[in-house]
Amino acid sequence: MIMTASKRDDSPTTKHLVVNFTKRDLILYALGIGCCSKEYKGEELRFVYERHPSFQMFPTFLLTMYFAAESKSKGHSGIRPFPPESMSLSKNESGIIPTMFLKNANDVQELKHLPILHMSQSLVFHNEILPLNTNTDGDDHPVTIDLQTRILSIRPRSVGTFVTTETTYYQEESCIATAQMTALVFGLSPEKVVSWQGSDKIVPTNTNLTTKNIATKKTMHEFNIPPNAALLYRLSGDYNPIHVEGTDGDNHGPILHGLCTMGYAARAILQHIKRFSKRDMRMTEIRCNFVKPVFIGDAIRVEVCCINDGIDDHVSVCFCVYRSSSGEKLVDKGYATLLQSKTASRL
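Here, residues in each chain are numbered from 1, in the same order as that chain's written sequence. Predicted model: local features are reported for residues with pLDDT of at least 70 only, side-chain atom pairs are reported and counted for 80 or more only, and whole-chain, interface and lining totals are derived from all residues. Neither water nor hydrogens contribute to the side-chain values; these are computed over all heavy atoms in the structure.

Asker: Please explain the pairing of strand β9 (residues 299–306) as it appears in this structure.
Answerer: Successive residues of a regular strand alternate their side chains across the two faces of the sheet. Only protein chains enter the accessibility calculation, which uses a 1.4 Å probe. A residue is then buried if its area is under 20% of the maximum for its type, exposed if over 50%, and partly exposed in between. A run of H or I in DSSP becomes a helix once it reaches four residues, and a run of E becomes a strand once it reaches two; helices and strands are each numbered from the N terminus. Summarising burial for β9: seven of the eight residues are buried, a large majority. In this analysis, strands are considered paired if DSSP registers two or more bridges between them. Here seven bridges tie strand β7 (residues 218–224) to β9, and the two strands are oriented antiparallel to one another. Looking across to β9, one finds that K218 is bridged to C305. Note: β9 against strand β10 (residues 314–323), seven bridges, orientation antiparallel.

Asker: I'm lost on the nonpolar core in this one. Help?
Answerer: Generally speaking, soluble globular proteins have nonpolar side chains that are buried together. Nonpolar core, defined: a set of buried Ala, Val, Leu, Ile, Met, Phe, Trp, Tyr and Cys residues in which side-chain atoms within 4.5 Å join the residues together. Ranked by internal contacts, the top residues of the largest apolar core, which has 84 residues, are L62, M65, I97, I145, Y169, I269 and I286. A per-element tally of this core places helix α6 (residues 258–276) first, with 10 residues. With residues near it in sequence (within four places) discarded, I97 still touches L102, L111, I154, T161, V163, V185 and L188. Contact definition: two residues touch when any of their heavy atoms are within 4.5 Å.

Asker: Looking at this structure, how should I read the pattern of salt bridges?
Answerer: Close approach of charged atoms lets side chains of opposite charge pair. Within this document, salt bridges are pairs made up of a side-chain nitrogen of Lys or Arg and a carboxyl oxygen of Asp or Glu, the two lying within 4 Å of each other. Within this structure, the stated rule accounts for nine salt bridges. Among the salt bridges present, the one from K292 reaches E328, with a minimum N-O distance of 3.1 Å. Of this pair, K292 sits in the loop between β8 (281–290) and β9 while E328 sits in the loop between β10 and β11 (329–340), placing them 36 residues apart in sequence. Judged by relative accessible area, which is 41%, K292 ranks as partly exposed. With a closest N to O distance of 3.4 Å, K329 and D332 form a salt bridge. The exposure class of K329 is partly exposed, given its relative accessible area of 27%.

And the structure:
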């Protein structure tokens, strides 16, 4: 397979992985982020019912592939270990930080037991996924996506070590999306890690735009996180135990996946656009910072504001997520763009 971004393969941490998904996976993910709950039941049926005339992939589904992808030789289809293969440099390593960046190789055992927290995420679409599932035989045939993942930076700090990775998604010869994620290995001493910075640019999420200083076209969306939210969402590939067991010394219980919270925010964005635009819009970019955890059973409020209003057939919005009970900001620096589309990414 020819990958259009292979010329950028200059990192010692690059891996090539593959993932297959079906309509069942799309539905499971959409249910995991609350689609067709009482808020927007009828409007979100297109994401959870394969016989819907407009059945399609929820935009942020692609981000789950980072956790489900593996080497072509493996072919697993069940529950995978955490950290996933995408977070390790070789088959002999299982940590998010490769041994080459540890000052003492023996510290890899400590690394395996430290919590990994999701700090920021971005996703940029370059092309739409080809609608391969157009067969009429009734079978749910898989769609194959190739992934190229690599580490962009390793930054030791007093609170732990921040690791930024980039994942590029390919379908056949087409580059369809690029994502960047920053995770914190909480409690890993900076004295034990070699700082490293690759040559490529990290997508910034420190935009100064906030929902507080934009008064026009603002909407607020309330969601109640159900007790089984993390248990359901983890079946999309992220089996980090903190989403079931919680963390030591934390009395709040399990933490909801950051990408699940992002999915709830993306649902709010789509509803916001539906309210102010009659055009068929598809998401082309989304990014945000996770500043405080969402806990199982929380009620959250997503605030969405338009930055522009259909200039050049696209709409830009900013968004934040708050804990309804206290007003604490949970997700900050949220930004998304949507483009007028003639067709959605239907499978």
